[in-house]
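Structural characterization, general
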Amino acid sequence: MQAIKLNMALQGGGAHGAFTWGVLDRLLEMELLCFDSISGTSAGAMNAIALVQGWLEGGAVGAREKLSQFWYGIATPDLLTQPKHVEWWRNLSQHLSPYDLNPFDINPLKDLLESQVDFERIRSQKEIKLYIAATHVQTGGARVFREHELQVECLLASACLPTLHKAVEINGDYFWDGGFSANPMIRSLIRDTSTADLLIILLQPLVRNDVPVTAKAIQERMHEIMFQSSFVGEISDAMEHIDHLKQVPWLLGKEEKRWRQARFHLIEPDELLVSMESISKFDTRKSFLESLRDRGRMQADVWLSQNQHKIGVVSSWAR
């Protein structure tokens, strides 16, 4: 049997990233699956770093174990993280900044990452390319950290919501959540690698059919668009670039060939995840995370039954 090699782009979405955990858990059961490059933003960055750390320790089995270890590491008992408490904190953060509410910038995620990830090993490995996106506060542009420069602050920057945590300082620059500028980043996965198949795993749908009319629904949709706009723009540009290259077949450089050969695959959230309010992205109850994982596994299983035979052959998604 021939190896199945993928590039992957993992979208952010807070606790909803447990859905991606489930998708990855199912994909890692595939025989002869391997990865060239992975980009991740926010929760997608956490899934990416856990997968690579586990892969280095024990291949697909190790990756599944490390993903599980990470998500159970952030899980809280069901009685301690009720959504109403999260709502109270979010309302408070609209009036006070993290510089007031959390002056010492206490972040349990930092301790968890440092205990589970060997960043020296991540930086020295050459097996899987990593692209971790954060947003430069002063310019608003995307800053993509590569595997050879990763440190815990890069992951914290990628997941830094400015209403909850102070901007993360790295070498004199300051960063917020990568969802504002690259959610997820895809261009480099095509340009820098020889692997043609790119699987994008989203946590919010590309298209919503309903038009919001209530104040709450309008706010929800506004936030969705804000965190999706960078990806929508990048994928649109990518498709236009590919269409242009088809019109100029005499351009035969290495990069042009990679763009022409690119094959796109997409796993979107299921109907239940799509219907959830944004407040649920802060819900880290163990039972909630497990339910998202299970739904992610089911969604991946459906996608594989319909599209696995297309990997390495043709795109299963065209925008």
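Residues numbered from 1 in each chain as written. Predicted model: local features only at pLDDT ≥ 70, side-chain atom pairs only at ≥ 80, totals over all residues. Heavy atoms only, no water.

1. Points about the overall build of the chain
Counting its secondary structure elements, the chain contains 12 helices and eight strands. In terms of overall size, the chain behaves like a compact globule, its C-alpha atoms giving a radius of gyration of 19 Å where 319 residues would be expected to give roughly 20 Å. Counting only residues that meet the buried cut, the chain has 50% of its 319 residues in that class. A sequence separation of at least 24 residues applies to 78% of the contacts in the chain between residues at least 6 apart. Carbon and sulfur atoms form 54% of the exposed surface of the chain, whose accessible area is close to 15100 Å². For the chain, the separation between the mean place of its 33 positive charges and that of its 40 negative charges on side chains is 4 Å. (Helix = DSSP H or I, 4+ residues; strand = E, 2+ residues; numbered from the N terminus. Rg over C-alpha atoms; globule rule 2.2 N^0.38 Å. Buried < 20%, exposed > 50% of the residue type's maximum accessible area, 1.4 Å probe, protein only. Contact = heavy atoms within 4.5 Å. Areas by Shrake-Rupley, 256 points an atom, 1.4 Å probe, with all protein chains shown as cover. Lys, Arg positive; Asp, Glu negative; His and termini not counted. Charge placed at Lys NZ, Arg CZ, Asp CG, Glu CD.)

2. Re the side chain of Ser42
For Ser42, the position within the fold is in the loop between strand 2 (33–41) and helix 2 (43–74). Accessibility expressed as a relative area gives 8% for Ser42, which makes it buried. Among the polar contacts listed, one links the side chain of Ser42 to the side chain of Asp177, at a separation of 3.0 Å. Excluding anything up to four places from it in sequence, Ser42 contacts Gly12, Ser158, Ala159 and Asp177. (Polar contact = N/O pair within 3.5 Å; in protein donor to acceptor, adjacent residues only side chain to side chain.)

3. Here's the deal with the packing of aromatic side chains
Here the structure, examined in full by the defined rule, presents seven aromatic pairs. Both rings, one in Phe70 and one in Trp71, keep their centres 5.4 Å apart while their planes meet at 85 degrees; by these two values the pair is edge-to-face. Where Trp176 meets Phe180, the ring centres are 6.5 Å apart and the plane angle is 55 degrees; that geometry is what we call tilted. Taken together, Trp21, Phe70, Trp71 and Tyr72 form an aromatic cluster joined through their ring pairs. Its end group placed over the ring of Tyr131, Arg146 keeps NZ or CZ at 4.1 Å from the ring centre. (Phe/Tyr/Trp six-rings, centres within 6.5 Å; stacked < 30°, edge-to-face > 60°. Lys NZ or Arg CZ within 6 Å of the ring centre and 35° of its normal.)

4. What about the UniProt feature "active site" (unreviewed entry) in the chain?
Here, UniProt's "active site" (unreviewed entry) annotation points to Ser42 and Asp177. Maximum C-alpha separation among the annotated residues is 6.3 Å over a sequence range of 136 residues, consistent with a single clustered spot. In this structure, Asp177 sits in strand 6 (residues 173–177). Under the relative-accessibility criterion, Asp177 is labelled buried at 4%. (UniProt positions renumbered as here; feature names shortened; annotations may be inferred.)

5. A short note on the UniProt feature "short sequence motif: GXGXXG" (unreviewed entry) in the chain
UniProt's entry tags residues 12–17 with the feature "short sequence motif: GXGXXG" (unreviewed entry), counted in the numbering of this structure. Helix makes up 17% of residues 12–17 and strand makes up 0%, while its end C-alpha atoms are separated by 7 Å.

6. Remarks on the packing of helix 9 (residues 215–247) against helix 10 (residues 254–261)
Angle between the axes and distance between the axes: these two values describe a pair of packed helices. Packing of helix 9 against helix 10 leaves a shortest axis separation of 9 Å and a crossing angle of 110 degrees. Comparing their axes, helix 10 and helix 9 come out roughly perpendicular. Here Ala238, His241, Ile242 and Leu245 of helix 9 come into contact with helix 10, specifically with Glu256, Trp259 and Arg260. Tallied by class, residues from the contact of helix 9 with helix 10 come to four nonpolar, one polar and two charged. (Axes fitted to C-alpha atoms, helices over the stretch in contact; angles between N-to-C directions. Parallel < 35°, antiparallel > 145°, perpendicular 65-115°, else oblique. Nonpolar A, V, L, I, M, F, W, Y, C, P; charged D, E, K, R; others polar.)

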